[in-house]
Amino acid sequence: RSQNYFKYITMKQQIIKEIHEWMETFVEKSNPKFGNMPPCPYARQARLQNKIDIKDLDDDYLVCLVDAARTWTDEFDVVIFVETIVDRYDPSELSAIVEEVNKRVMPMDIVCLEDHPAEPEIINGVQMNNGKYVLVLMQRLSKINDASKHLESTSYYKHWTKENLDDVKNWRFEKD
């Protein structure tokens, strides 16, 4: 095998390690600003059950993501697509791409959520982004919406602004 292949595998292993560390040290940790719940209350269980897949985000994001939605199998609860070239698209371009992807994949009961390090996502004073990579998280729409409905019965969303709720959650429930 070529030296480039081994560099790629080593880099991918490092990225996976960094994402898992971010999840363990932030995403899965209880936070008083989220009603003493973690920023993502379901992440730890998914990670421990090996229900999270981490993949490269191909150069053509739209094709990559729509193809992944078309071949979705529910083997994983979430697939995290990672782009290491953070300036390939600026945050507004990434949002536009993901919005177009969602128009195509939401009828398939799939949804994508983007995370761009150049656009901090602040909820109740807490920066939610991983801060290093461009991420697009893909998951089953009905499952994430059911989880959001469940969290409404807790104090999780208590200090979220309307803008935060609209940006992260409410739009997923809108019907055309």
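Described in the following lines is the structure provided in the data block. Residue numbers here run from 1 along each chain, matching the order of that chain's written sequence. Local features in this predicted model are restricted to residues of pLDDT 70 or higher, and side-chain atom pairs are both shown and tallied only at a pLDDT of 80 or more, whereas totals for entire chains, interfaces and linings draw on every residue. Note that the side-chain values use all heavy atoms of the structure and ignore hydrogens as well as water.

1. Some points on the side chain of Asn102
For Asn102, the location among the structural elements is in helix α4 (residues 91-105). Here, residues are in contact when the closest pair of their heavy atoms is within 4.5 Å. Leave out the neighbours within four places in its chain, and Asn102 touches Pro107, Val111, Cys112 and Trp171. Helix and strand assignments come from DSSP, with helices taken as H or I runs of at least 4 residues and strands as E runs of at least 2, each series counted from the N terminus.

2. Re helix α3 (residues 61-70)
Within α3, burial applies to Tyr61, Cys64, Leu65, Val66, Ala68 and Ala69. Of the surrounding elements, those touching the buried residues of α3 are β1 (52-56), β2 (78-83), α4, β3 (110-115) and β6 (134-140). Burial classification: accessible surface area is computed with a 1.4 Å probe over protein chains only, and a residue below 20% of its type maximum counts as buried, one above 50% as exposed, and the rest as partly exposed.

3. With respect to the pattern of salt bridges
Salt bridges are defined as contacts in which a side-chain nitrogen from Lys or Arg sits within 4 Å of a carboxyl oxygen from Asp or Glu. Within the structure shown, the criterion is met by 14 salt bridges. Between Lys17 and Glu21 there is a salt bridge, with the nearest N and O atoms lying 3.6 Å from each other. One end of the pair is Lys17 and the other is Glu21, both in helix α1 (residues 3-27) and 4 residues apart, which spans about a single turn. On the basis of relative accessibility, which here comes to 45%, the residue Lys17 falls in the partly exposed class. The network of salt bridges with shared partners includes Glu24, Glu28 and Arg47.

4. Looking at α4
Residue count minus one, scaled by 1.5 Å, sets the expected span of a helix. Between its first and last C-alpha, α4 extends 20 Å over 15 residues, near the 21 Å set by a 1.5 Å rise per residue. Within the sequence span of α4, burial applies to Pro91, Leu94, Ile97, Val98, Val101, Asn102 and Val105. What you see down the axis of α4 is that its buried residues fit within an arc of 140°, all on one side. In α4, the exposed positions that point more than 90 degrees away from the buried face belong to Ser92, Glu99 and Lys103. Buried residues along α4 sit in contact with α3, β3 and β6. Regarding the arc, it is the one traced by the directions from the helix axis to the C-beta atoms.

5. So, the sheet that holds β1
A pair of strands is treated as paired once DSSP finds two or more bridges between them. Within the open sheet, the 4 strands sit side by side as β1-β2-β6-β3. Their pairing is mixed. Of all strands in the sheet, those with a lone pairing partner are β1 and β3, marking the two edges. The mean inter-strand angle of the sheet, taken between neighbouring strand axes irrespective of direction, is 20°. Here β1 pairs with β2 via 5 bridges, running parallel. Bridging from a neighbouring strand, Ile54 pairs with Ile80 of β2. Lines fitted to C-alpha atoms define the axes here, with helix axes fitted over just the stretch in contact, and angles between the N-to-C directions of these axes take values from 0 to 180 degrees.

6. Points about the environment of Asn50
Structurally, the position occupied by Asn50 is in the loop between α2 (43-48) and β1. Here the alpha-carbon distance between Asn50 and Glu75, two residues 25 residues apart in the chain, equals 9.5 Å.

7. Quick word on the packing of aromatic side chains
What counts as a ring pair is set by centres within 6.5 Å for rings of Phe, Tyr and Trp (its six-membered ring), and what kind of pair is set by the plane angle: stacked under 30 degrees, edge-to-face over 60, tilted for all other angles. A full pass over the atoms with the stated rule returns 6 aromatic pairs. Here Phe34 and Trp160 contribute two aromatic rings whose centre-to-centre distance is 6.3 Å and whose plane-to-plane angle is 75°, an arrangement assigned as edge-to-face. One end of the pair, Phe34, is in the loop between α1 and α2; the other, Trp160, is in the loop between α5 (141-151) and α6 (162-168), with 126 residues separating them in the sequence. Like Phe34, the residue Trp160 is buried in the burial classification. Their ring planes at 45° and their centres at 5.6 Å tell us that Tyr156 and Trp160 sit as a pair that is tilted. Given a relative accessible area of 8%, Trp160 falls into the buried group. The rings of Phe34, Tyr156, Tyr157 and Trp160 are connected pair by pair, giving a single aromatic cluster. The criterion is that NZ of a Lys, or CZ of an Arg, lies within 6 Å of the ring centre and within 35 degrees of the ring normal, and then a charge sits over that ring. One cation-aromatic arrangement involves Lys169 over Tyr157; the distance from NZ or CZ to the ring centre is 5.2 Å.

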